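# Structural description and commentary
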Amino acid sequence: MKFKSQKVAYWFFAACMLLLTLQLTYGFIMAFAHMGLDGLHDYIPFNAARATHTNLLVVWLLTGFMGATHFIIPEEADRELHSVPLAYLQLVSLLVVGVVAIIGFHLNWWEGRKFLEIPRPLDYLVVVNVLLFIYNIGMTVWNGKRFTTTGIVLFMGLFSAALLYLPGMIYFTNHTFDSYFRWWVVHLWVEGVWELIMGAILAYLLIKLTGVDREVIEKWLYVIVGLTFLSGILGTGHHYYYIGTPRYWLWIGGLFSALEPLAFLGMALFAVAMYRRSGRQHPNKISLYWTVGCAIMAFVGAGFLGFAHTLPQVNMYTHGTLVTAMHGHLAFWGAYAMIVLAIITYSMPLMTGRKLWNNMPGLLAFWTSNIGMVGMTGAFAVAGIAQVYLERKLGLDFMVVQKEIEVHFFGLTLAATLFSVGITLFIYNFIKHGLPRDEMVGDQSLDAEWVEPHQAQTVSAAPAPEKSTPKTGKKAKA
Amino acid sequence: MLSKSQARTFFLVGTLLFSVLFLFLTIDTVRQVPAQTRAKNITPAVARGKHLWDQNNCMGCHTLLGEGAYYAPELTKVYERRGAAWMDVFLKDPQAMFPGQRKMVKYKFSDQDRQDLIAFFKWIGEMDLNGFPPRPSRDLNAGLPAQVTPPAPPSTRADVPAPRPTTQPSSQAATRVGAAPQVAAAPAMPVKFQQLCVACHMLGGKGGRVGPALDGVGKKYNVTSLRKWLEDPQGVKPGTAMPKLPFTAQELDQMVAFLLAQK
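## Overview of the environment of K4 of chain A
Residues and elements named next belong to chain A. Note on placement: K4 falls in the segment before α1 (8-34). With relative accessibility at 45%, the residue K4 sits in the partly exposed group. Each C-alpha atom, one on K4 and one on M351, is 9.3 Å from the other, the two residues being 347 residues apart in sequence. Once residues within four sequence positions are removed from consideration, K4 is found in contact with E80, D438 and V441.

This is how it looks when you write it as C-alpha cells:
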C-alpha cells in the first residue's frame, strides 16, 4: 500500500462482506419459498425477499467497486485521495440509505420496478451520495500526478454509471416506456458501463499480478471496452423484443446481443494470455485465481449463458422464466462478484500486512463457492427448461408447473449451501486479516519484485513490439 | 499490429457511433410505441392501476410482459385468461381463492383499486407484443365447454387474430359463444360458472386441472350436499383447495341446478 488514504478501501470491503451475507440469507428465504416452505410469508413476503436480494447485490457490488476505486485511484493518480472524511461520509450515507430502503421493502414501501425498487425519495439521496463519490474521485484524478488508461477507464465507468441512473427516475404512465427506460439503467449498467469498471479493475490486477507491461494490458483494455459498447449498446434491444416496442428490435437486439459474448471472450482470452506470459510468480496466488477465474466465469455466465437465450426465437419461450435466473446468477457472480472478491484478496495483505494468500481457507473459498455457484446455475437451468417446456410448450397452468419443478429448488438449496460455505470461508479469511495498519503505508515489499507501474510505463516503449507479438492470434479471434 | 492509440480510437469511435444509432432508434421507438401499445386506451383508471402495480411491487413475484420475478403467474394475458369477475373475487382475498397453495399478500384493495388494476391488465393484454406470449404448441387445457349464455365479453376485440380451432388455450374459449349443443336441454351454464369454476375444474374435458373434473357430478351428489359444499367448502372438507366463492342466493341456486344436471 503506497498511500495512507488507500486504507479507506478496507471499510468499503468490510461493508461488502456484511451485505453479501445478508444477500445470501434472503436467497435462501426465496429458495425455500419456491419449495413451498413459506413460513416467513407474513413477515417477509416473496416480493420483499426478492427486492432485498437483488438490491443488496447491487449495493454490495457498488460498494465493492467504490472500495476498489479508493484503493486503485490513489495509486494510478500517484497521490492521496482528495478527501478521506468525505469517503467515510459517503460510505456511511450509502449504508444508511441501503438499510432504510431494505426496511422500507418489508413495510411495502417501494417503487416496484424490477431492480429499481428503491422508493423515489431515497433515489435522490443515492444521487447525492454518488455525486459525493464522483467528486472525491474526480478531484483525486484531476489533481493526480499522472493519468493512466486504467484510472481514466475506471473513472469513466463510474461517472457513466452515475449518469445512467437518471433515466430510471423519469415517471411514465405508459408501462412500455417505463420498461424501455428502466432498461437504460439496468442493461446499460450491467452490459455496458459496469464492464468498464470491471475491465479497469481486471487490467489493474493483471498489471500488478502478472507483471506484463502496462502498455500491452491497457491497449487490450481499450479493445475490450470497445467491443463491449459496440455490442452492448444496441444489445439493449434484447429487452425490447416483447414489451410493446417496434418489431425491428427483434433483429437489431438479436444481432448485437449475439455479439455481446465477444467482449467477455476477449476478456477471458486476455486474462489467460497475460497469466501465461507473466514472467515472475506473484506470491498472492489466490488473488490471481480470482482474477483469471473472474474473466473465465464472466464469459461462461454472462457471455455464453446470455447468448443461450438471447435470440428472439428462443427468448420468445424463455422470456420471463427461470431461465433468466439461471443466466443472471452466473453472470453476476462471474463478472462482478468475482472481480470484487479478486481486488479484496489482492489488497487485503497490502493493507494489513498479513500474508493470508495461499492458505487452505482461501483456496477452499475459491473452489467451493465456484462449484456451488455452477451447481446453482445447473439447478436453475433444469428448473427453467422444465418450466419452459411444460408451461410454454404444453400450456400447463403456471402453478401446476411450479409444483412439478419444486424438486429442483431442493437441488438449488444444496448447491447454495456449498456456495455459502465458500463465502463463509472467504469472510473468515477477511476477518483473519485484521485491520489495515499504518505501518503498511509506503511499504511495498509485498509487491517488491514487481516493476513499478511508473517505470513500466516509461520503459515500455522499447520492448513493446516484441511483447505484443503473441497477441495477433487472439485479436483475430476477438 | 494494433497500437494503443488505434485501440483507443476504436473504443471512442465505436462507442460514439453506436450511442448515436441507439438514440436515433429510441426516437423512432418513442414515436411508434403509442400506436403499438394502444396508448389512447390509457384511461385514468389504467394509470391508477399501473401506479398500484408499482406501489405494491407486484413485479417482485409476477411477470408482466415477461418482466419481473418467477414466483407467481405471468399476467400479460390474465384479463383474457380469467376475466374481470374472477380477478375481482381473487383480488379481494387471494389466499381464499387458492387455499393451502403458494400465497399472495392480501392487499387491502378498495373496490375502486380492484377495478383500476383490472383496467390496467385489460390495457396490457391488448398491446401488440410481437407475438408474446407464445401459444403452447400442444395445449393440455384446450378449450372450455361451450356455454349457452354468452358471458359479458371479457376480451372481444377486433384485433385479436381468429383463434386456431385445435390449439386453442382455454382462456380464449371465453370469447366463443355456444358451439356445442349437448347441454341444450340442461339448465344453462351460469355466467359465474364460466367466469370462476372453469379456472380450476374441467367439464367435458375442458378447463383447469386444479380441482376434480365436474362431469357426472350430478350423479354423485344431491341438492343439499352440493349447496352445503359451495357454501362452506372448508367446513365440509377441512384443508380443501376449494375456495368459498361469493355467490348470491340466486347464483347459488343456478349453480346447484346446473351441477345437478351434469349426469
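From this point on, the discussion continues.
## Considerations on the packing of α1 of chain A against helix α11 (residues 322-352) of chain A
Two numbers describe a pair of packed helices, the interaxial angle and the distance between the axes. All names here are of chain A. The N-to-C vectors of α1 and α11 enclose an angle of 135°; their axes lie 11 Å apart at closest approach. Taken as axis vectors, α1 and α11 run oblique relative to one another. Where α1 crosses over α11, the two elements pack in a sense that is left-handed. Contacts between α1 and α11 involve A9, Y10, F13, C16 and M17 from the former and V340, L341, I343, I344, S347, M348 and M351 from the latter. When grouped by side-chain class, the residues that make up the contact of α1 with α11 number eleven nonpolar, one polar and no charged.

## Some words on α1 of chain A
Residue and element names in this part refer to chain A. The first and last C-alpha atoms of α1 sit 40 Å apart over 27 residues, in line with the 39 Å expected at 1.5 Å per residue. Counting buried positions over the 27 residues of α1 gives 19, a clear majority of the element. Note on α1: the residue one or two positions beyond its end, G36, has a positive phi of about 95°.

## A word on the packing of helix α2 (residues 46-77) of chain A against helix α3 (residues 84-106) of chain A
Residues and elements named next belong to chain A. As a packed pair, α2 and α3 sit with axes 10 Å apart at the nearest point and diverge in direction by 175°. Between α2 and α3, the angle is such that the two are roughly antiparallel. Taking contact as the criterion, the partners of A48, A51, T52, N55, L56, T63, M66 and H70 in α2 are, on α3, A87, Q90, L91, L94, I102, F105 and H106. Here the residues of the contact of α2 with α3 are counted per class, giving nine nonpolar, six polar and no charged.

## Remarks on the confidence of the model for chain B
All names here are of chain B. The pLDDT averaged across chain B works out to 82; a share of 81% of its residues lies at or above 70. Looking over chain B, one finds the lowest element-wise mean pLDDT in strand β4 (residues 206-207), namely 78, and the highest in helix α5 (residues 111-125), namely 97. Note on residues 143-184: pLDDT under 50 across the span, and 71 contacts to partners over four residues away in sequence or across chains.

## Observations concerning the interface of chain A and chain B
Taken together, the contact pairs 83 residues of chain A with 75 residues of chain B. Counting the surface lost from both chain A and chain B, the interface buries some 6900 Å², and carbon and sulfur atoms represent 64% of this. Broken down residue by residue, the surface that chain A buries against chain B is led by H175, K219 and Y222 of chain A, which jointly contribute 10%. The tally of links between chain A and chain B comes to five salt bridges. Residues E218 of chain A and K4 of chain B are paired through a salt bridge, measuring 2.8 Å at the closest nitrogen-oxygen approach. For the side of chain A that touches chain B, the residue count by class is 41 nonpolar, 24 polar and 18 charged.

## What about unusual backbone geometry?
Leave glycine aside and you will find that most residues have negative phi; peptide bonds, for their part, are mostly trans. Here the amide bond leading from F132 of chain B into P133 of chain B is cis, since omega sits at -10°, within 30 degrees of zero. Non-glycine residue D78 of chain A carries a positive phi angle of around 60°. The topology assignment puts D78 of chain A in the loop between α2 and α3.

## Focus on the pattern of salt bridges
Tallied over the entire structure, the rule returns 25 salt bridges over all chains. Between D123 of chain A and R120 of chain A there is a salt bridge whose closest N-O contact spans 3.1 Å. You can see D123 of chain A and its partner R120 of chain A sitting in helix α4 (residues 120-142), three residues apart, about one turn around the helix. Judged by relative accessible area, which is 22%, R120 of chain A ranks as partly exposed. When the shortest N-O distance is used, the salt bridge between R48 of chain B and D116 of chain B registers 2.8 Å. Of this pair, R48 of chain B sits in helix α2 (residues 44-55) while D116 of chain B sits in helix α5; the two residues are 68 residues apart in sequence, bridging distant segments of the chain. Taking relative accessible area as the criterion, D116 of chain B reaches 2% and is therefore assigned buried. Members of the salt-bridge network, linked through shared partners, are E111, R113, R120, D123 and D178 of chain A together with K50 and D54 of chain B.

## Some thoughts on the environment of G293 of chain A
All names here are of chain A. The residue G293 is located in helix α9 (residues 285-308) in this model. Each C-alpha atom, one on G293 and one on I339, is 8.9 Å from the other, the two residues being 46 residues apart in sequence. The contacts of G293, once residues within four sequence positions are left out, are L288 and M338.

## Some thoughts on the environment of G211 of chain A
Relative to the helices and strands, G211 of chain A is located in the loop between α6 (175-210) and α7 (214-235). Residues G211 of chain A and S278 of chain A, 67 residues apart in the sequence, show an inter-C-alpha distance of 5.9 Å.

Calculation rules
- Residues numbered from 1 in each chain as written.
- Chains lettered and ligands numbered in written order.
- Predicted model: local features only at pLDDT ≥ 70, side-chain atom pairs only at ≥ 80, totals over all residues.
- Heavy atoms only, no water.
- Helix = DSSP H or I, 4+ residues; strand = E, 2+ residues; numbered from the N terminus.
- Buried < 20%, exposed > 50% of the residue type's maximum accessible area, 1.4 Å probe, protein only.
- Contact = heavy atoms within 4.5 Å.
- Axes fitted to C-alpha atoms, helices over the stretch in contact; angles between N-to-C directions.
- Parallel < 35°, antiparallel > 145°, perpendicular 65-115°, else oblique.
- Left-handed = near helix turned anticlockwise from the far one by under 90°.
- Nonpolar A, V, L, I, M, F, W, Y, C, P; charged D, E, K, R; others polar.
- Expected span 1.5 Å × (residues − 1).
- pLDDT = per-residue confidence, 0-100.
- Buried area = accessible area lost by both parts, 1.4 Å probe.
- Salt bridge = Lys/Arg side-chain N within 4 Å of Asp/Glu carboxyl O.

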